Protein chains: 2
Amino acid sequence: MRITSSIEYATRLMVTLAAEHGKAPVPAERLAETDNVPADYVSQILVKLRRAGLVTSHLGSSGGYSLSRTPCKITIEQVVRAVDGAVFEEVCERYDDGAKDCRHQGQCAISPVWTRLGEIVTRYFESVTLAAILEQKAGSCGASPAWLEKLAPGK
Amino acid sequence: MRITSSIEYATRLMVTLAAEHGKAPVPAERLAETDNVPADYVSQILVKLRRAGLVTSHLGSSGGYSLSRTPCKITIEQVVRAVDGAVFEEVCERYDDGAKDCRHQGQCAISPVWTRLGEIVTRYFESVTLAAILEQKAGSCGASPAWLEKLAPGK
DNA sequence: ATCATTCCTGACCTTTTTAGTCAAGAATGA
DNA sequence: TCATTCTTGACTAAAAAGGTCAGGAATGAT
């Protein structure tokens, strides 16, 4: 299981745009340099982010991209969904030719394990906003943000 | 993000073996049929599970595979690690040519997000045992097992 | 108006990973 | 002794990830 380059890159771009929020739009080319992302790839990712309504594009000279809303209102969940389509893919029926003899139906107890995992991951991603990441970066708030707090129960 | 076929298949095999725990070893071919996994693929997966010490093989006629310990002591985390090598791969440096100009070092605030996710996923997998899945399957205990309980805090 | 800037679209390519197959061989128990 | 069952490792095919490219259209600056 791993974080794809699209997700990593998209997150970098969004964090950078968050830092520039309120200022002038940032051209894709500058984002590519700043965030160390291949120039032709960055455009593709930005298109997805735009279609998802997370960023706004401005044509013409001194154009570029900017966040379409405040960094507080944008979560990693939204970023991941924008570039990958879904945070967690359904497992059911993927590994069973059609649905015949599917181990995931009726009495199967395995699929709930994956479904639950998807919920947990989604829940976590929803709890992390661009603003929180930025805050962490600036080191402006001493204490760790909520999403970095220790897990509650057992070891 | 998704569950690979290896993980899904390995889990099916382990659950089936858990159900047969204490009885005679189960041949790979029978596992393939029972769990609807390609026959030649099942052996490969079982080899990994054996090398990880999760199952024991018995040669000769009436041989086969059996769990190497009680289903209570085997977690999904162990199964995933056995077939995929790691539950969650490090993100750092994967997307930065070498380490030069790496966004993941020093002041970068993104990598902790992924690291934390890895911890959460690992923690979850560690909480799910084969015994728990089996119990759920049998419907023997009315209430949901711990790992299916509602998440604690906010919506 | 013109023109450099910047985004838009979609096709294309390469590499890596996933998923699955195959065959020869060695150990074991009946 | 021999059918059964695992062992090993190489091999292949398909899908996904990762990245490139080119032609075009919109916009703002001058």
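Rules behind the numbers
- Position numbers for residues count from 1 along each chain, tracking the sequence in the order it is written.
- Starting at A for chains and at 1 for ligands, labels are handed out in the order in which the entities are written.
- Selection of residues for local features in this predicted model requires a pLDDT of at least 70, selection of side-chain atom pairs for listing and counting requires 80 or more, and totals for whole chains, interfaces and linings are taken over all residues.
- No hydrogens and no water enter the side-chain calculation; it runs on all heavy atoms of the structure.
- Helix numbering and strand numbering both begin at the N terminus, where a helix is a DSSP run of H or I of at least 4 residues and a strand a DSSP run of E of at least 2.
- Under the scheme applied here, a residue whose accessible area is under 20% of the maximum for its type counts as buried, over 50% as exposed, and between as partly exposed, the area being computed with a 1.4 Å probe on protein chains only.
- Any pair of residues with heavy atoms lying within 4.5 Å of one another is described as a contacting pair.
- Surface accessibility in these figures is a Shrake-Rupley result with a 1.4 Å probe; residues are shielded only by whichever protein chains are displayed.
- Only a single heavy atom is needed: when it lies within 4 Å of a molecule or strand, its residue is near that molecule or strand.
- Here a polar contact means two N or O atoms within 3.5 Å. Within protein one must be a hydrogen donor candidate and the other an acceptor candidate, and residues neighboring in sequence count only if both atoms are side-chain atoms.
- Amino acids outside the nonpolar list (Ala, Val, Leu, Ile, Met, Phe, Trp, Tyr, Cys, Pro) and the charged list (Asp, Glu, Lys, Arg) are all regarded as polar, and Gly is one of them.
- Here, a salt bridge means any Lys or Arg side-chain nitrogen found within 4 Å of an Asp or Glu carboxyl oxygen.
- Pairing between two strands requires that DSSP report at least two bridges joining them.
- Residues belong to a common nonpolar core when they are buried Ala, Val, Leu, Ile, Met, Phe, Trp, Tyr or Cys residues joined through side-chain atoms within 4.5 Å.
- Across the chain, each position has a pLDDT score giving the predictor's confidence in that residue, from 0 to 100.
- Every angle, taken between N-to-C directions, lies between 0 and 180 degrees, and every axis is a line fitted to C-alpha atoms, over only the stretch in contact when it is a helix.
- The scheme is simple: roughly parallel for angles under 35 degrees, roughly antiparallel for over 145, roughly perpendicular for 65 to 115, oblique for anything else.
- Put simply, a crossing is left-handed when the front helix is turned counterclockwise from the back one by less than a right angle, and right-handed when it is turned clockwise.

Caption draft 1: Structural detail: the overall build of chain A. Counting its regular elements, chain A contains 6 helices and 2 strands. In chain A, the succession of helices and strands from N to C terminus is α-α-α-β-β-α-α-α. Here chain A holds 155 residues, and the buried ones make up 46% of them. Look at the contacts in chain A between residues 6 or more apart in sequence, and 61% of them connect residues 24 or more apart. When the accessible surface of chain A is totalled, it reaches about 7,600 Å², and 50% of it is carbon and sulfur.

Caption draft 2: A look at the protein's contact with DNA strand C. Around DNA strand C sit 28 residues, and of these Ala28, Ser57, Leu59 and Tyr65 of chain A together with Gln44 of chain B come closest. The protein-proximal atoms of DNA strand C, defined as those within 4 Å of the protein, are 80% sugar or phosphate. Here a phosphate oxygen of DNA strand C and a backbone polar atom of Ala28 of chain A are 2.9 Å apart. Taking Tyr65 of chain A, its side chain carries an N or O atom lying 2.8 Å from a phosphate oxygen of DNA strand C.

Caption draft 3: Geometry of the protein's contact with DNA strand D. Around DNA strand D lies a shell of 29 residues, among which Ser5 and Gln44 of chain A together with Ala28, Arg50 and Leu59 of chain B are the nearest. Take the atoms of DNA strand D that sit within 4 Å of the protein: sugar and phosphate atoms are 81% of them. Tyr9 of chain A places a polar side-chain atom, nitrogen or oxygen, 3.4 Å from a phosphate oxygen of DNA strand D. Between DNA strand D and Ala28 of chain B, the relevant distance is 2.9 Å, taken from a phosphate oxygen to a main-chain nitrogen or oxygen of the residue. Taken together, the residues of the surface near DNA strand D break down into 10 nonpolar, 14 polar and 5 charged.

Caption draft 4: The arrangement of the pattern of salt bridges in detail. All names here are of chain B. Applying the stated criterion across every chain yields a total of 6 salt bridges over all chains. Put simply, Arg12 and Glu8 hold a salt bridge, and the shortest N to O gap is 2.7 Å. A residue pair is termed a helical-turn pair when its members lie 3 or 4 positions apart in one helix, as Arg12 and Glu8 do in helix H1 (residues 5–19) at 4 residues. Since its relative accessible area comes to 0%, Glu8 is described here as buried.

Caption draft 5: Structural context of unusual backbone geometry. You will see that Ser62 of chain A, though not glycine, has its phi angle at about 55°, which is positive. The residue Ser62 of chain A is located in the loop between strand E1 (55–58) and strand E2 (64–67) in this model. We classify Ser62 of chain A as exposed; its relative accessible area is 71%. Within the chain, Asn36 of chain B stands out as a residue other than glycine whose phi angle is a positive 55°. Positionally, Asn36 of chain B belongs in the loop between helix H2 (28–35) and helix H3 (39–51).

Caption draft 6: Structural detail: the pairing of E2 of chain A. Residue and element names in this part refer to chain A. Side chains Gly64 and Ser66 project from E2 onto one buried face, and the interleaved Tyr65 and Leu67 project onto a second face that is buried too. Sheet topology places E1 next to E2; 4 bridges connect them, and they run antiparallel. Residue pairing for E2: Thr56 is matched across the bridge by Ser66.

Caption draft 7: How the structure looks around the environment of Ala109 of chain A. Assignment of secondary structure puts Ala109 of chain A in the loop between helix H4 (76–84) and helix H5 (111–127). Taking C-alpha positions, Ala109 of chain A is 27 Å from Ile3 of chain A, a pair spaced 106 residues apart along the chain. In this structure Ala109 of chain A touches Ile133, Gln136, Lys137 and Trp147 of chain B, once residues within four positions along its chain are discounted.

Caption draft 8: Layout of the nonpolar core. By size, the foremost hydrophobic cluster in this structure holds 96 residues, and its most contacted members are Leu49 and Phe125 of chain A together with Leu49 and Phe125 of chain B. Not counting residues up to four positions away in its chain, the partners in contact with Leu49 of chain A are Ala10, Met14, Leu54, Val55, Val79, Ala82 and Val83 of chain A.

Caption draft 9: The confidence of the model for chain A, seen in detail. All names here are of chain A. Of the residues in chain A, 81% have a pLDDT of 70 or more, and the chain-wide mean is 86. Per-element confidence in chain A is highest for E2, whose mean pLDDT is 98, and lowest for helix H6 (residues 130–138), whose mean pLDDT is 86. Counted against residues more than four places away or in other chains, residues 98–106, with its pLDDT under 50, gives 21 contacts.

Caption draft 10: Molecular detail of the packing of H5 of chain A against helix H5 (residues 111–127) of chain B. Contact pair H5 of chain A / H5 of chain B: the axes reach a minimum separation of 11 Å and the direction vectors enclose 150°. Overall, the two elements H5 of chain A and H5 of chain B adopt an arrangement that is roughly antiparallel. Pair H5 of chain A / H5 of chain B crosses with right-handed handedness. For the pair formed by H5 of chain A and H5 of chain B, the contact residues are Pro112, Val113, Trp114, Arg116, Leu117, Ile120, Val121, Tyr124 and Phe125 of chain A on the first element and Pro112, Val113, Trp114, Arg116, Leu117, Ile120, Val121, Tyr124 and Phe125 of chain B on the second. Of the residues contributing to the contact of H5 of chain A with H5 of chain B, the split by class is 16 nonpolar, no polar and 2 charged.

Caption draft 11: Looking closely at the packing of helix H2 (residues 28–35) of chain A against helix H3 (residues 39–51) of chain A. Residues and elements named next belong to chain A. Running from N to C, H2 and H3 point in directions that differ by 115°, and their axes come no closer than 9 Å. Taken as axis vectors, H2 and H3 run roughly perpendicular relative to one another. Relative to H3, the crossing made by H2 is right-handed. Between H2 and H3, the contacting residues are Ala28, Leu31 and Ala32 on the first element and Ala39, Val42 and Leu46 on the second. Residue composition of the contact of H2 with H3, grouped by class: 6 nonpolar, no polar and no charged.

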